[in-house]
Amino acid sequence: LLDVERLRRLFDSYATQETSRVITQDRFSQVIRGILKVSDPSDVPQSRLERYWREIDLDGSSTVDFEEFLIWMNDLGPQQSSFLARD
């Protein structure tokens, strides 16, 4: 199980500050690039980012709340081999 507090800090660093704390698809792409430590955005194919987005946005709201983020990171995130799988 991943450290929930560490994931909360990661989530909060990318979450929007408006009415609710959520991550947009654009911000999620930044999260993935940050986790993978890539300097060139083209190092992560758009098709992979879109697949990850479909996996994480469980309710189809076009934003991700912390619960969705936590579930995805525990099930499919960087500790899982599918996270680094080739497209």
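Structure shown above.
Residues numbered from 1 in each chain as written. Predicted model: local features only at pLDDT ≥ 70, side-chain atom pairs only at ≥ 80, totals over all residues. Heavy atoms only, no water.

## Here we look at the environment of tyrosine 14
Here tyrosine 14 lies in helix α1 (residues 4-14). Overall, the relative accessible area of 19% leaves tyrosine 14 in the buried class. Apart from the residues lying within four places of it in its own chain, the contact partners of tyrosine 14 are Ile23, Arg27, Gln30, Val31 and Gly34. (Helix = DSSP H or I, 4+ residues; strand = E, 2+ residues; numbered from the N terminus. Buried < 20%, exposed > 50% of the residue type's maximum accessible area, 1.4 Å probe, protein only. Contact = heavy atoms within 4.5 Å.)

## Concerning the packing of aromatic side chains
Applying the stated criterion to the full structure yields 5 aromatic pairs. Between phenylalanine 28 and tryptophan 72, the ring centres sit 5.4 Å apart and the planes meet at 75°, which makes this aromatic pair edge-to-face. Here phenylalanine 28, found in helix α2 (residues 25-36), pairs with tryptophan 72, found in helix α4 (residues 66-75); they are 44 residues apart in sequence, far enough to count as distant. Comparing phenylalanine 28 with tryptophan 72, the two get one shared label, buried. One aromatic cluster is present, formed by Phe28, Tyr52, Trp53 and Trp72 through successive ring pairs. Here arginine 8 stacks its cationic end above the ring of phenylalanine 66, 4.0 Å away from the centre of that ring. (Phe/Tyr/Trp six-rings, centres within 6.5 Å; stacked < 30°, edge-to-face > 60°. Lys NZ or Arg CZ within 6 Å of the ring centre and 35° of its normal.)

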